Amino acid sequence: MTLHHRMRRWATAGAGIALALSLAACGGNVGGGSAADGTFPGKAPITILVGQDPGGSTDLIARALADKVSDDLGVPVTVENKPGANGGLAAKELAGKKADGHTLMVYNGSLAYITPLAVAAGQAPDMADYEIVTGISQDDYVLVTAPKSGFKTVDDLAKAGRQITFGTTGVGTGSQLSQELLFRQANIPAKAVPFDGGSPTLSAVLGGQVDVGSIQLGEAIEQITAGKLTPIVTFAEKRPTYLPDTPTAVEAGHDVPVQQSRAIFAPKGTPKEVLDALRASFQKSFQTEAYQKFNADNQLTPNEVDGEELRKQWTANLDKYRAVVQKYNIQLGGKK
């Protein structure tokens, strides 16, 4: 399915966003509100930054939530895409925004617990520099190939007799880490080909520009169901209910459980009462039938924990992934 079709599929979820954008463009609700005067959010709009291109899982999640939060808070909630550096550019912008609750970000977990392993110390954003409003959901990765490749199993890749090319959604992502670990453990010669996000990676696999790619399940499932992609393994802890016939990498004998996770971040210093108001609004959004259907349709596992629990989870992931990267001597940044 093309990006156009994916976006059209979620036209209903994005209708409220289009209205919000229209209101903001007209200058309708420009009055401010703050914790200091007890009026948050007042009449001022809220912006949710997304560090990835339109049409991918992170973008679609942001738009589905923005629609519901706008309804609850009674102000426009718009989504603004700022792709680059696995979300690093958007995170940098968020850090410089006023800590008043009117600028948020859907923050990808890989930016917190994988990207730091791919860049020099201090170059990746630090979770400690942000407030965490709430966790959102988790998404499994699946290793896919085009049917014409002839690959169906990890053993098939090992017997190819040549170097395998694998597409990733960027340097320092779960897409990269999952494949680096798999191919290193399976002793398969392989070369990473990084792209900027899931959509171009998917296109490269479909077009045969790379042999395989690790893509978030929600972005790949429709092409798998249509027979345009062949799933080889998933990188989940256990078989996802959406792909019951596809083995996990763990079942294939490899220690490669890698997931994507997402949360809502705010600038450091955002007042507690503002964070509480935002958290309550997102929790209401999570409970709506429309959003729960969105999760099911996109193969997302809810992880709607509070900020401190989310911080513990991601810190544990960073420690775990650092250990396996060191164990297998993997250089995510491409250094030799």
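Preceding this paragraph is the structure being described.
Criteria and cut-off values
- Residues numbered from 1 in each chain as written.
- Predicted model: local features only at pLDDT ≥ 70, side-chain atom pairs only at ≥ 80, totals over all residues.
- Heavy atoms only, no water.
- Phe/Tyr/Trp six-rings, centres within 6.5 Å; stacked < 30°, edge-to-face > 60°.
- Helix = DSSP H or I, 4+ residues; strand = E, 2+ residues; numbered from the N terminus.
- Buried < 20%, exposed > 50% of the residue type's maximum accessible area, 1.4 Å probe, protein only.
- Core = buried A, V, L, I, M, F, W, Y, C linked by side-chain atoms within 4.5 Å.
- Salt bridge = Lys/Arg side-chain N within 4 Å of Asp/Glu carboxyl O.
- Expected span 1.5 Å × (residues − 1).
- 1 Å grid on protein atoms, 1.4 Å probe; cavity = no way out; pocket = protein on both sides within 12 Å on 5 of 7 lines; lining within 4 Å.
- Points joined across faces, edges and corners; volume = space filled by probe spheres on them.
- Nonpolar A, V, L, I, M, F, W, Y, C, P; charged D, E, K, R; others polar.

(A) Structural context of the packing of aromatic side chains. Per the counting criterion, the structure on display carries ten aromatic pairs. An angle of 10° between the planes, with centres 4.0 Å apart, marks the rings of Y107 and F265 as stacked. With a gap of 158 residues between them, Y107 in strand β3 (residues 103-108) and F265 in strand β9 (residues 259-267) connect regions that are remote in the sequence. No difference in accessibility class separates Y107 from F265, as the two residues are buried. Between F166 and F183 the ring centres are 5.2 Å apart and the planes differ by 45°, which places this aromatic pair in the tilted class. Here F166 is found in strand β5 (residues 164-168), whereas its partner F183 is found in helix α7 (residues 174-185), with 17 residues between them in sequence. For the pair F166 and F183, one class covers both residues: buried. Aromatic ring contacts, followed pair by pair, group Y107, Y113, Y130, F265, W314 and Y321 into a single cluster.

(B) Broad picture of the nonpolar core. In terms of nonpolar packing, the biggest core is built from 46 residues, with Y107, L157, L182, F265 and W314 touching the most fellow members. In terms of residues, this core owes the most to one element, helix α12 (residues 307-327), which gives six residues. Of all hydrophobic cores here, the second largest spans 29 residues; its members include A62, V69, V133 and I136.

(C) Inspection of the environment of V119 at higher detail. Mapped onto the fold, V119 is located in the loop between α5 (109-113) and β4 (130-145). Given a relative accessible area of 29%, V119 falls into the partly exposed group. Sequence spacing of V119 and L332 is 213 residues, and the spatial spacing of their C-alpha atoms is 8.0 Å.

(D) Summary view of the pattern of salt bridges. Following the criterion strictly, the structure yields 13 salt bridges and no others. Taken together, the salt bridges that share partners define one network made up of E80, K82, E93 and K97.

(E) Examining helix α3 (residues 57-73) more closely. Between its first and last C-alpha atoms α3 spans 24 Å; for 17 residues at 1.5 Å apiece the expected length is 24 Å, and the two agree. In the stretch just after α3, G74 is the one whose phi turns positive, near 75°.

(F) The arrangement of empty space enclosed by the protein in detail. In the structure shown here, the tally under the stated rule is one cavity of 30 Å³ or more. One number sums up the size of the largest cavity: a volume of about 210 Å³. Lining the largest cavity are 23 residues, with Q52, T169, G197, G198 and Q216 sitting closest to its centre. Every element with two or more residues in the lining of the largest cavity is listed here: α3, α8 (198-206) and β9. Tallying contributions element by element places α8 first for the lining of the largest cavity, with three residues. In the lining of the largest cavity, the residues fall into four nonpolar, 15 polar and four charged.

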